[in-house]
Amino acid sequence: MYPSVDGRLDILAVLPLSFAVIIALRRFIANRESKPCLPPGPVPLPLIGNVLSIDAKEPWLTYTKWHAAYGQGVISINSQHIAEALLDKRSDIYSDRPYLATAEQFSSSVGMSTIYDYEPSARNDPLVRIMENTVAVGLQMTTPGKAILLQLFPFLLKLPDWCWGSSIKRDAQISTDHMNKIRDLPFQSAQQHMAENSFLGQFSMVAENLQRMEKQDEASKPTFEVALKRAAVAGVMGSYETTSSTLMVFALAMVLYPDVQRRAQAEIDSVIGRDRLPTFEDRASLPYVESILRETFRWHPILPLGVPHATSSDDTYDGFFIPKGTTVMCNTWAISRDEKRYPDASRFMPERFLDVNGVLTNDDPARYVFGLGRRACPGRHAGDASVWSAIVTMLATVDFSFAKDDQGKVIDFTPQFNPGLVW
Ligand code: HEM
């Protein structure tokens, strides 16, 4: 019996579909056979992958655990050797940034004065307040939990306002509004200084580039201005949390390890005396202070998962296939807590960076805490120098100790870190 006309049409419709499926399957199998397999990892669930297995508050712990179980994380790089091989030596592939819907312009910071030559007032400065709000809201939106959620379900940002779950969209909008303010207001202030031809404002990064822009043809000015605004805000945001968080880690260490503090103060007293403050010229003569800086960077890296990179083309490493667009995180936490390299790693022990003669070793955590490759922190020298000068000045002038109550009894505490991109 012949099929009906409708039935034959159905067959005709199904045939190309079957071909398409067969071709797709053959390509899939050919691809699988021709390409090395993906790096090992936990078995993903359909749609949501491994998201439920990741500790949303401290994801670096999950990645470190996966590293122990599988040898590799879900492209979380847990060794400095592999980080150098990929992020540094293959920087042309591993230097993209993954799309983070709420933080498209959010990358990092520089001081307001260097960028805009804006001298904030000591208290309640309006621009600093805007920046603090921007950072606070931005960090809330870039907690690892929210970042993972939005990467998996970007449609959450498109939900209508009345819909359950749309609060993330409202928060993202607030974050964007803040970003727009911090992008435009200090920039306008620098422009105003320029217009008034004031002495201040001529030596900032923005002022210098505005002067350069004046010499350009009209057509390219708007693009230049947008790029300049973005570079400026990236600089301001980048230096803000990083330096202050590192100094908080240092202060915590000084409270918890008074012997370290005393030894550093003795070094400063013997090399510099008590009549003046240390300067950069003294840096090479203060190896113990230097080892404290290194241990501060290592003990609690303030960006425990670095800032995510993304691959801009396919790659193969050590027999594993890494597709284009893969998010690659350098698990700085795992590197800094490697017990083979840093025995008793959770202990603050600056001596680990000194040899038996008290000379600094070649192991400098600055080689990994500032990231690697062409996206490594452009403010690393400024960051390193400003943290050193703050540390050495504090050691020379103040004593850190536990707070005491009215009866003079030590107030005990348990240190806690706020999870976020920077903690
Ligand atoms: C202790 C201080 C600091 C630490 C630990 C730190 C750490 C980092 C890290 C880990 C990255 C990501 C690198 C990567 O993706 O491989 C980064 C990026 C960045 N940092 Fe820093 N940073 C510090 C201070 C600063 C300062 C003072 C500035 C500005 C003067 C700055 C500006 C930036 C910028 C603009 C980026 C983004 C670079 C890009 O996306 O290409 N940072 N920083």
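Relevant structure appears above.
Residues numbered from 1 in each chain as written. Predicted model: local features only at pLDDT ≥ 70, side-chain atom pairs only at ≥ 80, totals over all residues.

Q: Which residues make up the packing of helix H10 (residues 258–272) against helix H14 (residues 380–397), and what values go with them?
A: One can describe the packing of H10 onto H14 by two numbers: an axis separation of 9 Å at closest approach and a directional angle of 90 degrees. As judged from the angle between their axes, H10 and H14 are roughly perpendicular. Between H10, through Gln261, Ala264, Gln265 and Ile268, and H14, the contact on the second element is made entirely by Val392, Leu395 and Ala396. Broken down by class, the residue content of the contact of H10 with H14 amounts to five nonpolar, two polar and no charged. (Axes fitted to C-alpha atoms, helices over the stretch in contact; angles between N-to-C directions. Helix = DSSP H or I, 4+ residues; strand = E, 2+ residues; numbered from the N terminus. Parallel < 35°, antiparallel > 145°, perpendicular 65-115°, else oblique. Contact = placed C-beta atoms within 7 Å. Nonpolar A, V, L, I, M, F, W, Y, C, P; charged D, E, K, R; others polar.)

Q: How would you explain the sheet that holds strand S5 (residues 327–330) if you had to name every residue and give the values?
A: If you walk across this open sheet you meet the three strands as S1-S5-S2, and the pairing is mixed. The two strands at the open ends of the sheet, each matched to only one other strand, are strand S1 (76–77) and strand S2 (309–310). Bridge count between S2 and S5: two bridges; the pairing is antiparallel. Looking across to S5, one finds that histidine 309 is bridged to valine 328. (Pairing = 2+ DSSP bridges.)

Q: Lay out the nonpolar core in plain terms, naming residues and giving numbers.
A: If you look at the biggest cluster of nonpolar residues, it comprises 45 residues, and the most contacted ones within it are Ala83, Ala253, Ala264, Val289, Ile292 and Ile391. Leave out the neighbours within four places in its chain, and alanine 253 touches Val260, Thr296, Trp299 and Phe348. (Core = buried A, V, L, I, M, F, W, Y, C linked by C-beta atoms within 7 Å. Buried ≥ 20, exposed ≤ 12 C-beta atoms within 10 Å, placed from the backbone.)

Q: Report on the packing of H10 against helix H11 (residues 287–299), specifying residues and quantitative values.
A: Remark: H10 packs on H11, axes separated minimally by 8 Å, with the N-to-C direction vectors making an angle of 140 degrees. In this view, H10 runs oblique relative to H11, as classed from their interaxial angle. Across from Val260, Arg263, Ala264, Glu267 and Ile268 in H10, the residues of H11 making contact are Tyr288, Val289 and Ile292. Across the contact of H10 with H11, the residue classes break down as six nonpolar, no polar and two charged.

Distances and angles like these do not, on their own, reveal function.
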